[in-house]
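# Structural overview
Chain by chain, the residues:
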Amino acid sequence: MLFLTIFTETMNKDRKILVTGGAGFIGSHTVVSLIESGFTPIIIDDFRNSEKFILDRINQITALHPIAYEFDCADQNKLREVFTEHEIGGIIHFAADKAVGESVKLPLKYYENNIQSLVSLLKIAIEFKVPDFVFSSSCTVYGEPDKVPVDENAPIGFTASPYGYTKQVCERICRDTAYAYSNLKITLLRYFNPIGAHPSGLIGELPLGVPNNLVPFVTQTAAGIRDQLTVFGNDYPTVDGTCVRDYIHVCDLADAHVAALNPSKEEGGVNIFNVGTGLGSSVLEVVRTFEKVNNLSVNHKIGERREGDAAAVFADNSKISSELGWKPKYTLSDALAHAWTWQKQLNEK
Ligand code: UD1
């Protein structure tokens with residue numbers, strides 16, 4: 001095992017991986033995983049939705065200050081400069097707008113930013129003969145699945161938000177590109193619900209304004225930033241009437257990106273993997289687990305259903321497990337403990 005780790009690290013050494021959105025929530029954790037696996041990450045981030053102090057925190061965790069460029073990754077000319085300076089052996093593309101509600105109000109912002117940046121990067125990847133491209137997709141592409149756990153063969157469903165639609169369109173762009181340019185291998189990772197933070201509490205999620213997602217709302221309520229959490233509906237056909245989701249620790253999700261770069265790849269084409277735990281947890285289970293593991297209480301009430309919520313969505317993760325050897329290491333309790341460690345240090349900041 002030790003030999004394998006050393007061998008893999010030696011193989012990866014000096015393999016430079018471009019990470020767009022590398023200072024963001026999932027991006028920063030992936031940068032840490034890359035460094036720990038012996039890769040050299042090169043970050044591009046315009047910091048519109050992330051903070052520069054995260055780069056120092058990555059340094060504190062890994063003892064390495066990653067190279068970072070500040071610009072919008074849709075900018076072809078600036079991308080070309082980076083690719084001329086560094087021999088890039090792979091691209092992991094996170095940079096995108098991701099607020100579901102905002103995308104309904106500002107659809108063109110989402111169509112422009114999320115689609116343009118992907119097209120720019122794919123063009124550069126082809127120009128510079130980059131062998132590997134990993135795209136940050138979402139289980140939102142399934143819409144409300146007919147059956148759970150949902151596997152990668154489930155049909156693409158109806159997605160209500162422009163944000164969700166950009167993920168569907170971007171997947172299609174990736175498919176068409178992989179088909180036309182067979183030297184480029186593209187991996188689509190469909191994330192379920194990423195939560196948690198690095199166990200050190202040094203990096204984590206930084207929601208802008210009032211969080212839409214459950215776990216940041218829970219941690220902010222526990223911290224006294226929000227008065228009360230509203231549980232959106234308790235009359236769903238689930239274990240306790242509240243919606244069920246598949247909450248995946250962000251460090252496990254980060255490791256999935258590294259796994260997606262590692263397998264032997266003689267051929268191009270598109271590979272699709274669900275990245276989830278395979279376990280469903282209800283909203284009330286999340287709240288109770290958070291309270292138990294952190295020994296505190298979260299003020300909450302039951303409210304109306306939120307429009308567009310599916311009753312239950314969780315992953316069949318057998319494909320990524322058998323083909324890439326990836327398995328989640330952390331439990332829901334771990335993720336909720338780490339999310340709280342992160343929130344507490346933010347309060348003190
Ligand atoms: C949402 C997005 C999805 C995106 C993901 C990113 C929608 C329809 N989907 O997923 O596209 O990829 O975030 O993480 O918006 N909840 C409450 N109270 C709250 C907040 C949430 O009860 O204050 C419940 C929701 O009803 C849901 C669960 O918690 O059942 C998880 O919600 P959320 O964290 O917003 O994630 P999703 O809606 O699953």
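The structure reproduced in this document is the subject of the present report. (Residues numbered from 1 in each chain as written. Predicted model: local features only at pLDDT ≥ 70, side-chain atom pairs only at ≥ 80, totals over all residues. Heavy atoms only, no water.)

### Re the site of the ligand
To keep things clear, this is the line we draw: A single heavy atom is enough: if one lies within 4 Å of a molecule or strand, its residue is considered near that molecule or strand. Residues adjacent in sequence count toward polar contacts only when both atoms are side-chain atoms; beyond that, a polar contact is any pair of N or O atoms within 3.5 Å, and within protein one must be able to donate a hydrogen and the other to accept it. Each accessible area value is a Shrake-Rupley result obtained with a 1.4 Å probe; residue values ignore everything except the protein chains displayed when judging cover. To qualify as a helix, a DSSP run of H or I must reach at least 4 residues; to qualify as a strand, a run of E must reach at least 2; elements of each kind are numbered from the N terminus. Following the grouping adopted for this structure description, the nonpolar residues are Ala, Val, Leu, Ile, Met, Phe, Trp, Tyr, Cys and Pro, the charged ones are Asp, Glu, Lys and Arg, and the polar ones are all others, Gly among them.
Around the ligand, 19 residues are found, and the nearest of them are Leu-214, Thr-230, Arg-245, Arg-306 and Asp-309. One nitrogen or oxygen atom from the main chain of Asn-212 is found 3.5 Å from an oxygen atom belonging to the ligand. Here an oxygen atom of the ligand and a side-chain polar atom of Arg-306 are 2.7 Å apart. Taking 740 Å² as the accessible area of the ligand by itself, protein coverage stands at 85%. For the shell around the ligand, the elements supplying multiple residues, two or more each, are strand 7 (193-195) and strand 8 (229-232). Per element, the largest residue contribution to the shell around the ligand is four residues, and it comes from strand 8. Tallied by class, residues from the shell around the ligand come to 10 nonpolar, six polar and three charged.

### Details of the pattern of salt bridges
Convention followed: Salt bridge criterion: a side-chain nitrogen from Lys or Arg within 4 Å of a carboxyl oxygen from Asp or Glu.
Taken as a whole and assessed by the stated rule, the structure comprises 15 salt bridges. The salt bridge partner of Arg-48 is Asp-46, with a shortest N-O separation of 2.8 Å. Within this structure, Asp-46, Arg-48, Asp-72 and Asp-97 form a network of salt bridges that share partners.

### So, the sheet that holds strand 3 (residues 67-69)
Our working definition: Here the rule is simple: two strands pair whenever DSSP picks up at least two bridges between them. Fitted lines through C-alpha atoms serve as axes, helices being fitted only where they are in contact, and the angles separating the N-to-C directions of these axes extend from 0 to 180 degrees. Only heavy atoms enter the contact rule, under which two residues are in contact if any of them lie within 4.5 Å.
Pairing in this open sheet of seven strands is parallel, and the strands run 3-2-1-4-5-6-11 from one edge to the other. The open sheet has two edge strands with one neighbour each: strand 3 and strand 11 (269-275). The average angle at which neighbouring strand axes cross in this sheet is 20°, direction not considered. Pairing between strand 2 (residues 40-44) and strand 3: three bridges, direction parallel. Bridge pairing links Ile-43 to Ala-68 in strand 3. Sitting on the sheet, helix 7 (residues 162-180) touches strand 5 (132-138), strand 6 (185-191) and strand 11, and the angle it makes with strand 5 is about 155°.

### Considerations on the packing of aromatic side chains
In plain terms, the rule: Think of it this way: a Phe, Tyr or Trp ring, Trp meaning its six-membered ring, pairs with another when their centres are within 6.5 Å, and the plane angle makes it stacked under 30 degrees, edge-to-face over 60, tilted otherwise. To sort residues, take the accessible area from a 1.4 Å probe on protein chains only and compare it with the maximum for the residue type: under 20% means buried, over 50% means exposed, and anything in between is partly exposed. Charge-over-ring placement is defined geometrically: NZ (Lys) or CZ (Arg) within 6 Å of the ring centre, and within 35 degrees of the ring normal.
Counted according to the given criterion, the structure contains three aromatic pairs. Measuring from centroid to centroid gives 6.2 Å for Tyr-111 and Tyr-165, while their planes differ by 85°, and the two rings are edge-to-face. With a gap of 54 residues between them, Tyr-111 in helix 6 (residues 107-127) and Tyr-165 in helix 7 connect regions that are remote in the sequence. A relative accessible area of 28% means that Tyr-111 is categorised as partly exposed. Directly above the ring of Tyr-236 sits Arg-305, whose terminal nitrogen or CZ lies 3.9 Å from the centroid. One residue, Lys-319, lies across the ring of Phe-273, its end atom 4.6 Å from the ring centre.

### Points about the packing of helix 10 (residues 283-294) against helix 12 (residues 332-348)
Between two packed helices, both the angle of their axes relative to each other and the distance between the axes serve to describe the pair. Cut-off, in case you're wondering: An angle counts as roughly parallel when it lies under 35 degrees, as roughly antiparallel when it exceeds 145, as roughly perpendicular when it falls between 65 and 115, and as oblique in every other case. For a crossing to be left-handed, the near helix must be turned anticlockwise from the far one by less than a right angle; the clockwise case is right-handed.
For the pair helix 10 and helix 12, interaxial distance at closest approach is 9 Å and the crossing angle is 65°. One way to sum up the angle between helix 10 and helix 12 is to call them roughly perpendicular. Between helix 10 and helix 12 lies a crossing whose hand is right-handed. Counted together, Val-286, Thr-289, Phe-290, Val-293 and Asn-294 of helix 10 and Leu-332, Ser-333, Leu-336, Ala-337 and Trp-340 of helix 12 form the full contact between these two elements.

### A word on helix 10
Just so we agree on the cut-off: The span one expects for a helix is its residue count, reduced by one, times 1.5 Å.
An ideal rise of 1.5 Å per residue puts 16 Å on 12 residues; helix 10 measures up with 17 Å between its terminal C-alpha atoms. Looking at the buried side of helix 10, the elements it contacts are helix 8 (214-222), strand 8, strand 10 (247-249), strand 12 (281-282), strand 13 (300-303) and helix 12.

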